[in-house]
Amino acid sequence: MQGERVILTAVGTTLTLVCLLAMSWLGPAGAILNLLTPLPAAYLSLRLGLRCGVAIVTLSTLLLLFATSLYTALSYLTLFGVGSLLLPLALLLRTSWDRSVAVAAAGSVLLAALLLGLIALAGPHGPTALVGQLVQAEAEQAMQLYRSAGFSEQQLAEIGTLVEQLATFVRSSVFGIFSGIALAIQALTLVLLHQLTKNKFSFTGVAFTRWRLPPRLIWLLIFAGFSAFMPVPVLAWIGRNLLLVLLPLYFVQGMAVVSSFLQRRPYPAPIKGLIYMLLLVLSPLPMIVTSIGIFDLWIDFRKTRQEKLS
């Protein structure tokens, strides 16, 4: 048993590093693998215990620190590492699946904020300037990838303009973007864990087809929507960052509505999978799904026609 644990820890660490560094090796094509970075540690934590996950995260962080850079190691630890431990820990404590995702994402955000504050205090720049430098470094790295991909000078100039616009947006919305990404990563990890462990481990909480956000959260969404367009910079910043967190949550509620509808239809599994994929990537379907999630508070799309008439 001990030998199996050691082997699986080594395999989990290797898979974690491969997924994390996939974008560096494969460019944009490695983005899908990159999203799978927390899965090995989270899965083995559920299967063999949390100590195995802690070992994988610790080894991965140390190897990244010595083989790459402090920035890469801390980026892994904040965005992937801590969540890959908190998510299985919450599930093992029989916390509901939605709260487990929230706990894991909150841990990532809090650790990132703490590390950012400590680095800013230790250096000559404040947190805002430090974020700007990090975003600029990522923008330059993205441009290097596009240059190596063989784009023409005219194409590179157009891409450079888009990258700079995106970098400006990220600088002013980094908290909301990071929080939204952390939530998305942990939600994806949860879905994959469910598929890998559904015959061995049961998640607690309401069925996804009946899941909905607390009704009072709609007032925070309304506040964020109005604040984002206020001429007061602080209010606009708060509103913009809140929207980047809340709108993905209402998108998930919209997907729960769609899942409830599809569950009542005898569609084959591949057709359902294709529908979900299109709802995720085909514009403007994500906006429509998000709207469904918002208006579900008042319309209750999941009620059958007989229930509404009764």
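Here the structure is a predicted model, which means the values were calculated and not measured. Starting afresh in each chain, residues are numbered from 1 along the sequence in its written order. For a predicted model such as this one, the threshold for reporting local features is a pLDDT of at least 70, and the threshold for listing and counting side-chain atom pairs is 80 or more; totals across whole chains, interfaces and linings nevertheless cover every residue. Excluded from the side-chain calculations are hydrogens and water; all other atoms, namely the structure's heavy atoms, are used.

1. A word on the overall build of the protein
Turning to step 1, where the next piece is worked out: The secondary structure content of the protein amounts to 14 helices and zero strands.
Turning to step 2, where the next piece is worked out: Helices and strands in the protein line up, N terminus first, as α-α-α-α-α-α-α-α-α-α-α-α-α-α.
Turning to step 3, where the next piece is worked out: Here the term buried applies to any residue with accessible area under 20% of the maximum for its type, exposed to any over 50%, and partly exposed to those in between, with areas from a 1.4 Å probe on protein chains only. Expressed as a percentage of the 310 residues in the protein, the buried residues total 37%.
Turning to step 4, where the next piece is worked out: Throughout, the Shrake-Rupley method with a 1.4 Å probe supplies accessible areas, and for residues the shown protein chains are the sole cover considered. As displayed, the protein has an accessible area near 17900 Å², and 72% of this comes from carbon and sulfur atoms. Per the convention used, a helix needs a DSSP run of H or I reaching at least four residues, while a strand needs a run of E reaching at least two, with both numbered from the N terminus.

2. Some thoughts on the nonpolar core
Turning to step 1, where the next piece is worked out: Grouped together as the largest cluster of nonpolar side chains are 44 residues, with contacts concentrated most on Leu-91 and Leu-193.
Turning to step 2, where the next piece is worked out: Listing elements by their share of this core, those giving two or more residues are helix H1 (2-20), helix H4 (39-48), helix H5 (50-67), helix H6 (70-92), helix H7 (97-122), helix H9 (153-197), helix H10 (217-227) and helix H11 (233-263).
Turning to step 3, where the next piece is worked out: Contacts of Leu-91, omitting those with residues within four sequence positions, involve Leu-46, Trp-97, Ser-100, Leu-190, Leu-193, Phe-201 and Phe-203.
Turning to step 4, where the next piece is worked out: The next biggest cluster of nonpolar side chains, apart from the first, holds six residues, and it includes Met-255, Val-258, Leu-262 and Leu-279. Definition of nonpolar core: a set of buried residues of the types Ala, Val, Leu, Ile, Met, Phe, Trp, Tyr and Cys, connected through side-chain atoms within 4.5 Å. Note on contacts: a residue pair is in contact if any heavy atoms of the two residues lie within 4.5 Å.

3. Notes on the packing of H10 against H11
Turning to step 1, where the next piece is worked out: Interaxial angle, 0 to 180 degrees, is taken between N-to-C directions of lines fitted to C-alpha atoms, where a helix line uses only the stretch in contact. Direction vectors running N to C along H10 and H11 enclose 135°, while the axes themselves pass 7 Å from each other. Judged by the angle between their axes, H10 and H11 are oblique. For the pair H10 and H11, the sense of crossing is left-handed. Facing H10, whose interface residues are Leu-217, Ile-218, Leu-220, Leu-221, Phe-223, Ala-224, Gly-225 and Ser-227, H11 presents Leu-235, Ala-236, Ile-238, Gly-239, Leu-242, Leu-243, Leu-246, Leu-247 and Tyr-250.
Turning to step 2, where the next piece is worked out: Under the scheme applied, nonpolar residues are Ala, Val, Leu, Ile, Met, Phe, Trp, Tyr, Cys and Pro; charged residues are Asp, Glu, Lys and Arg; polar residues are all the others, including Gly. Residue classes in the contact of H10 with H11 are distributed as 14 nonpolar, three polar and no charged. Working definition: roughly parallel below 35 degrees, roughly antiparallel above 145 degrees, roughly perpendicular at 65 to 115 degrees, and oblique for all remaining angles. Should the near helix be turned anticlockwise from the far one by less than a right angle, the crossing is termed left-handed; should it be turned clockwise, right-handed.

4. Quick look at unusual backbone geometry
Trans is the prevailing form of peptide bonds, just as negative phi is the prevailing case for residues other than glycine.
Turning to step 1, where the next piece is worked out: Residues other than glycine seldom take positive phi values, yet Arg-94 does so here, at roughly 65°.
Turning to step 2, where the next piece is worked out: Even without being a glycine, Asp-300 presents a positive backbone phi close to 55°.

5. Thoughts on the pattern of salt bridges
Turning to step 1, where the next piece is worked out: A side-chain nitrogen of Lys or Arg and a carboxyl oxygen of Asp or Glu constitute a salt bridge if their distance falls within 4 Å. Within the structure shown, the criterion is met by two salt bridges.
Turning to step 2, where the next piece is worked out: Close ionic contact of Arg-212 with Asp-296 constitutes a salt bridge, the shortest N to O distance being 3.0 Å. Remark: Asp-296 occurs in helix H13 (residues 285-299) and Arg-212 occurs in the loop between H9 and H10; sequence separation between them is 84 residues.
Turning to step 3, where the next piece is worked out: According to the relative accessible area criterion, Asp-296 is buried, its value standing at 0%.
Turning to step 4, where the next piece is worked out: The shortest N-O distance in the salt bridge between Arg-212 and Asp-300 comes to 3.3 Å. In this pair, Arg-212 is assigned in the loop between H9 and H10 and Asp-300 in the loop between H13 and helix H14 (305-309), connecting sequence segments 88 residues apart.
Turning to step 5, where the next piece is worked out: Residue class for Arg-212 comes out partly exposed when judged on its relative accessible area of 36%.
Turning to step 6, where the next piece is worked out: A cluster of three or more residues bridged by salt bridges with shared partners is formed by Arg-212, Asp-296 and Asp-300.

6. Some words on the packing of H4 against H5
Turning to step 1, where the next piece is worked out: One way to put it is that H4 packs onto H5 with a least axis distance of 6 Å and a crossing angle of 155°. As summarised for this structure, H4 and H5 are arranged roughly antiparallel, according to the angle between their axes. On the side of H4, the interface is formed by Pro-40, Ala-41, Leu-44, Ser-45 and Leu-48, while H5 contributes Leu-50, Cys-52, Gly-53, Ile-56 and Val-57.
Turning to step 2, where the next piece is worked out: Looking at side-chain class alone, the contact of H4 with H5 contains eight nonpolar, two polar and no charged residues.

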